[in-house]
Amino acid sequence: MTGVQIEDGASEAAALRDRMVEAIVSGWDRKLSDGVLAALRTVPRHLFIPECSLEQAYTNDSFATKRDVRGVALSTVSAPWVQARMLELAGLRPGMRALEIGSGGYNAALMAEVVGSEGEVVSLDIDIEVTERAEKLLARAGYGRVKVLTGDGTYGAAELAAEGGFDAIIVTVQAPDIPAAWRSQLATNGRLVVPLTFRGTHRVLTFEHEGDHLVSRDSTRCGFVGMQGDNTHSVQSIELAGSDLRLVISRDQAADSDALREAVASGEESTEWTGVVLRGDEGVLPSLELWLTSTTDPSGTVYASSQAAEMGLSGWTIAATATWTHDTVAYLTMRPGSSGGFELGVRAYGTDHAAPAHAMAESIRTWNSLGRGATPEPIIRVFPPDAAEDGLDGIVVSNRHSRLTISRA
C-alpha cells in the first residue's frame, strides 16, 4: 500500500469499501485485475468526498463536487465501477507512468496505488478550484506524490512526461476529439483511454499506436461531464418541431435546417416497422446505436420530448439515431410489440421519405440477424487533421484536432 489512511472508524470504512468492491465485481462480466481490486479496497474514497456521509461515499455511484449556476455538474467523482473499468482498459501495472486528464483526487489515488512507489501519476485539470481541492485531498489521504497540474488538458503535460511518453493516459471528461498532444505524449506501447463523442455516440475507447495513427482496441459505455478548454464539444442543434423534436449533429456535417423543418411540418411521412423486437431490459440499444453510427452516413441524434411523443412525432422520449438528406430526415422509433416488448421502426419525413426509412430499417434487420448485441464493434482510427481522405477507409469524421475513421474492419 502506498497511501496512508488518516481516519477514525477505519474498520467501518474498510468494511464499506469491501461491500463497494463486491457490488462492482458482481455487476461486471470481466475479471478485475489484482492490482485494481487492491486499489479499490485500499484508497479511502470518503476522504475525497468529505461532503458525503461514510455510507454515501461507498455507494457505487458518482458525486458532483462542483456545479455551475444552473446546477449542471462541472466536476465529479465518478462512480467506482466506471473508474475500475477505465483502469482495466488502461492496463495499468506497477512502475508505469500515467497521466490523468480531468482531476478529482480519488481516481488519481487509485492510479497511484496500482502503479506503486516506482511509478508516476500526473493529474491535470483546467479548473484551479478543482486542482487545489484535489491536491489538498490527495495529501490528506497520503498520496502527496501525485503531481497535480492546472492547465488545458487539450495539450497534455509534456513538461512532466518522462522520456518516451506516458504509458497510460486516462481522460475522465467527455471529449469530442483526440488532440495531437495525446497522440504524441503516449508511449509507443501505451494506451489512451478516453470517453469519446462521435456522430452523437458516446463511448469510452482504448487506443493504441498503429503505424502513423491510433486504433481502438476495447471499449465500454459510461458518461462524463464535458471537457473544457480548446477541446470542447461543438455541435449544431436543429429544431425540427420547435424544441420538442431536435436534431443534434456534429459541426463537420452539413444540414439544411429550413428544409428539414419544412419536411417535418409537411406531414409527408412514412414509418417502416422492422419486426425486430426488444424484450425486457436487454441492454442492446447501445450496440444498435454504435452499429447504426458505423453503417449510416450522415448520422446524428434526434431528441424527442414527451410532447413530441404525444403528437405522434416519435414513439419514445430518449435519444434516437438519425440520418438525413437535403430535405428528408429519418430516425429510430418504437411501438409496443404484439406479444410484448417493443418493436423497432424508422420514422421519416420529407419528399422522399420511404427510401431513407427503408435503408435504416434494413440496417437494423442486419444488426439483428448478426446477433444483435453480439455484433463486433466498429474500429475507430485516429489520424492527424491533415490526413488525405483518399487514404482513409470507412466513414470519415473531420474534427479540429484529428480525422477519425469508423469502419467494420
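What you are looking at is a predicted structure, and each value in this text was computed from that prediction instead of being measured. Per chain, residue numbering runs from 1 following the sequence as it is written. Only residues with pLDDT of at least 70 are given local features in this predicted model, and only at 80 or more are side-chain atom pairs given and counted; all residues enter the totals for whole chains, interfaces and linings. Heavy atoms throughout the structure, all of them, feed into the side-chain values; hydrogens and water do not.

## What to know about the packing of helix α2 (residues 34-42) against helix α5 (residues 106-115)
Okay, step 1: Axis separation between α2 and α5 bottoms out at 9 Å; the angle between their running directions is 130°. Between α2 and α5, the angle is such that the two are oblique. Crossing of α2 over α5 shows right-handed handedness. Residues G35, V36, A39, L40 and T42 of α2 pack against Y106, L110, E113 and V114 of α5. Helix axes are fitted only over the stretch in contact, all axes being lines through C-alpha atoms; the angle between N-to-C directions runs from 0 to 180 degrees. Secondary structure elements are taken from DSSP: a helix is a run of H or I of four residues or more, a strand is a run of E of two residues or more, and numbering for both begins at the N terminus. Angular relationships are summarised with four words: roughly parallel below 35 degrees, roughly antiparallel beyond 145, roughly perpendicular across 65 to 115, and oblique for the angles in between. When the near helix sits turned anticlockwise from the far one by under a right angle, the crossing is termed left-handed; a clockwise turn instead gives a right-handed crossing. We call two residues in contact whenever any of their non-hydrogen atoms come within 4.5 Å of each other.

## What to know about the environment of P384
Okay, step 1: Within the secondary structure layout, P384 lies in the loop between β17 (379-383) and β18 (395-398).
Okay, step 2: Partly exposed residues are those whose accessible area sits between 20% and 50% of the maximum for their type, while under 20% is buried and over 50% is exposed, using a 1.4 Å probe and protein chains only. Using a relative accessible area of 30% as the deciding quantity, one classes P384 as partly exposed.
Okay, step 3: When neighbours within four sequence positions are excluded, P384 is seen to be in contact with R183, D212, S402 and R403.

## Considering the sheet that holds strand β11 (residues 245-250)
Okay, step 1: With antiparallel pairing, seven strands are arranged side by side in an open sheet as β10-β11-β13-β14-β15-β16-β12. Edge positions in the open sheet fall to β10 (235-239) and β12 (269-278), since each of these has one partner strand only. Here the strands of the sheet are splayed against their neighbours by 30° on average, with no regard to which way each runs. When DSSP finds at least two bridges between two strands, those strands are taken to pair.

## A few points about the pattern of salt bridges
Okay, step 1: In the sections that follow, a salt bridge refers to a side-chain nitrogen of Lys or Arg positioned within 4 Å of a carboxyl oxygen of Asp or Glu. Applying the stated criterion across every chain, the model contains 17 salt bridges.
Okay, step 2: Residues E208 and R191 are paired through a salt bridge, measuring 3.1 Å at the closest nitrogen-oxygen approach. Of this pair, E208 sits in strand β8 (residues 201-210) while R191 sits in strand β7 (residues 186-198), and the two are 17 residues apart along the sequence.
Okay, step 3: Its relative accessible area of 30% is what places R191 among the partly exposed residues.
Okay, step 4: Of the charged contacts in the structure, one is a salt bridge between R365 and E362, with a shortest N-O distance of 2.6 Å. You can see R365 and its partner E362 sitting in helix α11 (residues 354-369), three residues apart, about one turn around the helix.
Okay, step 5: Taken together, the shared-partner salt bridges connect R191, E208, E210, R217 and R381 into one network.

## A closer look at the nonpolar core
Okay, step 1: Of all hydrophobic cores here, the largest spans 50 residues; its most connected members are L40, F48, L92 and Y143.
Okay, step 2: Listing elements by their share of this core, those giving two or more residues are α1 (10-26), α2, α4 (80-90), α5, α6 (128-141) and β6 (166-171).
Okay, step 3: Looking at this core element by element, the count peaks at eight residues for α5.
Okay, step 4: What is meant by a nonpolar core is a set of buried Ala, Val, Leu, Ile, Met, Phe, Trp, Tyr and Cys residues, joined one to another through side-chain atoms within 4.5 Å. Of all hydrophobic cores here, the second largest spans 30 residues; its members include L124, F166, V397 and L404.

## Observations regarding the layout of surface pockets
Okay, step 1: With a 1 Å grid laid over protein atoms only, a set of points is called a cavity when a 1.4 Å probe fits there but cannot get out and a pocket when it is open yet has protein on both sides within 12 Å along at least five of seven lines; lining residues have an atom within 4 Å of a point. Grid points are joined across faces, edges and corners, and a volume is the space filled by probe spheres set on the points. In this structure, the largest pocket encloses a volume near 670 Å³.
Okay, step 2: Lining the largest pocket we find 30 residues, and of these R30, R203, S219, T220 and E377 sit closest to its centre.
Okay, step 3: Taken together, the elements giving at least two residues each to the lining of the largest pocket come down to α4, β8, β9 (213-220), α9 (285-295) and β17.
Okay, step 4: Considering each element in turn, the lining of the largest pocket owes the most residues, five residues, to β9.
Okay, step 5: As a volume, the second largest pocket reaches approximately 470 Å³.
Okay, step 6: Every element with two or more residues in the lining of the second largest pocket is listed here: β7, β11, β13 (300-304) and β18.
Okay, step 7: Across the lining of the second largest pocket, the residue classes break down as seven nonpolar, 15 polar and six charged. Three residue categories are used. Nonpolar comprises Ala, Val, Leu, Ile, Met, Phe, Trp, Tyr, Cys and Pro, charged comprises Asp, Glu, Lys and Arg, and polar comprises the others, including Gly.

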